[in-house]
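Geometric and topological summary
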Amino acid sequence: MTAIKSINGRRVWDSRGNPTVEVDVVLENGVRGRAIAPAGASRGTREAIDMRDGGAKLRGMDVSRALANIAKLNATLGGMDATDQEAADSAILALDGSALKENLGGNATVATSLAILHAAAADAGVPLWRHVADHYGTEPSLPLPEIQIFGGGAHAGRRVDVQDFMIMVPGANSFDEVMEITNEVYFAAGDIMKSRGKLAGVADEGGWWPMFDSNEEALETLVQAIEKAGEKPGERVVISLDIAASEFGKNGEYRLALEDRVLDSSALIDMLGGWLKSYPIASIEDPLGEDDTEGMQEFTRRFGQKVQIIGDDYLVTNARLVKDAVAANACNAVLIKVNQAGTVSESIETFKAARKAGWGAIVSARSGETEDVSISHLATGLGGGQLKVGSFTRSERMVKWNECLRIQDELGTGAFVSGAPLANTWWARQ
Ligand code: PGA
Ligand code: ZN
């Protein structure tokens with residue numbers, strides 16, 4: 001047992017220039033753990049509250065209320081054993097007393113919970129990924145990345161409806177090789193867009209900000225970029241999409257801004273099904289809205305044997321929602337965002353519920369990020385298989401990929417999961 005001596009918060013700034021919460025946890029023996037809360041832009045309605053001050057100052061985004069709650073956390077958690085993550089997180093839940101962390105703020109609780117995890121690792125004298133594997137009894141491995149090439153939706157002025165156009169490289173032999181191939185595809189895509197006058201800049205997560213006239217044009221361009229990079233689409237490199245359908249649809253009615261069309265659930269499913277036929281897509285996230293369980297069931301019934309279907313806004317890193325979705329056969333994978341749950345323990349519980357059902361689990365960043373690299377360690381330590389961070393530029397993204405490369409030096413290149421997470425998709429069966 002090593003007791004927590006103090007918990008202190010400070011205001012720092014995220015990749016969008018917004019204020020966010022950083023927490024330092026210091027133990028009685030002087031060891032320290034630190035973490036920073038990320039922030040989403042396309043947030044699920046059932047995720048933990050990101051507590052902001054509101055009002056005119058800093059566009060309402062200041063975090064002084066959340067920071068004030070760190071003092072309450074300090075008073076409650078002081079003296080507790082930092083290596084007992086479960087007890088610490090239970091105390092956080094009890095102090096907050098609400099399902100969505102409405103009283104303390106999910107930003108205050110997630111930074112505190114993660115900082116305790118970091119402190120426990122430092123106390124044990126091991127890297128965070130190793131502490132995670134030891135604590136949760138998991139087998140560490142380097143994850144298969146999902147990397148954004150174009151941004152869209154809420155992250156790029158809604159020019160295209162789909163939020164993330166990404167690639168995965170399940171055919172790579174090492175994490176390092178994934179980075180190399182991604183570099184080639186990313187710049188090939190940029191060159192193609194520039195030459196056609198389709199490049200507007202860089203989106204929130206560092207992917208290209210496109211000026212495409214349709215979602216299909218984005219998919220076509222991505223296929224061409226993979227080819228220009230010297231790869232055969234669908235072989236070593238596949239496409240992954242985050243539709244983030246809750247951003248453009250409610251009550252089974254989906255509004256495609258770009259094409260000025262309204263689709264019902266089944267028309268959206270047909271459209272996406274058409275894309276799955278025409279393009280080498282192996283993974284798709286939030287294909288229907290967070291309120292559209294029937295649509296999600298229908299989509300999973302039709303395509304669940306073919307592609308990975310991830311619930312993000314739909315499942316908000318909530319173990320109960322995952323268990324319900326497993327029973328309902330809606331989705332076959334879950335995105336794990338620690339700040340959607342609000343504590344490490346709840347996130348791990350969700351992760352374990354998914355894995356127990358044979359589901360995939362993808363540890364993920366938010367669109368508002370920082371230099372915090374906790375998720376690289378969580379993905380590796382849990383051996384969860386997949387990591388989604390955003391694009392292949394900007395340091396709040398690259399810091400996560402680079403951290404995996406450092407872990408690769410410790411774990412060895414052979415510890416890369418390669419295509420294993422896509423074992424239940426067409427990619428593995430071809
Ligand atoms: P967000 O989006 O962080 O803006 O919520 C990321 C995602 O939808 O995966
Ligand atoms: Zn998403």
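Residues numbered from 1 in each chain as written. Chains lettered and ligands numbered in written order. Predicted model: local features only at pLDDT ≥ 70, side-chain atom pairs only at ≥ 80, totals over all residues. Heavy atoms only, no water.

**What about the sheet that holds strand β11 (residues 261-264)?**
If you walk across this open sheet you meet the three strands as β9-β10-β11, and the pairing is antiparallel. Taken across any chain shown, the strands that pair with only one partner, and hence form the sheet edges, are β9 (249-250) and β11. As defined by bridge partners, β9 adjoins strand β10 (residues 253-256) across two bridges and the pair is classed as antiparallel. For lysine 250, the partnering residue across the bridge sits in β10 and is glutamate 253. Strands β10 and β11 of the sheet are contacted by helix α7 (residues 265-278), whose axis makes an angle of about 100° with β11. (Pairing = 2+ DSSP bridges. Helix = DSSP H or I, 4+ residues; strand = E, 2+ residues; numbered from the N terminus. Contact = heavy atoms within 4.5 Å. Axes fitted to C-alpha atoms, helices over the stretch in contact; angles between N-to-C directions.)

**A word on the domain arrangement of the protein**
Taken domain by domain, the protein holds domain 1 (4-125) and domain 2 (144-429). On a C-alpha basis, the centroid separation for the pair domain 1 and domain 2 is 27 Å. The interface is formed by 32 residues belonging to domain 1 together with 31 residues belonging to domain 2. Here domain 1 and domain 2 share an interface that buries about 2,500 Å² over both sides, 51% of which is from carbon and sulfur atoms. Among the residues of domain 1 in contact with domain 2, Ser15, Ser42 and Arg46 are the three that bury the most area, contributing 25% of the side total. (Domains from an automatic or database assignment. Buried area = accessible area lost by both parts, 1.4 Å probe.)

**What to know about the sheet that holds strand β1 (residues 4-13)**
Overall, antiparallel pairing links the three strands, which are arranged β1-β2-β3 in an open sheet. Taken across any chain shown, the strands that pair with only one partner, and hence form the sheet edges, are β1 and β3 (32-36). Strand-to-strand twist of the sheet, defined as the mean angle between neighbouring strand axes without regard to direction, takes the value 15°. Here five bridges tie strand β2 (residues 19-27) to β3, and the two strands are oriented antiparallel to one another. When the bridges of β3 are listed, valine 23 appears paired with alanine 35. Helix-sheet contacts for helix α1 (residues 64-77) involve β1 and β2, and the interaxial angle to β1 is about 170°.

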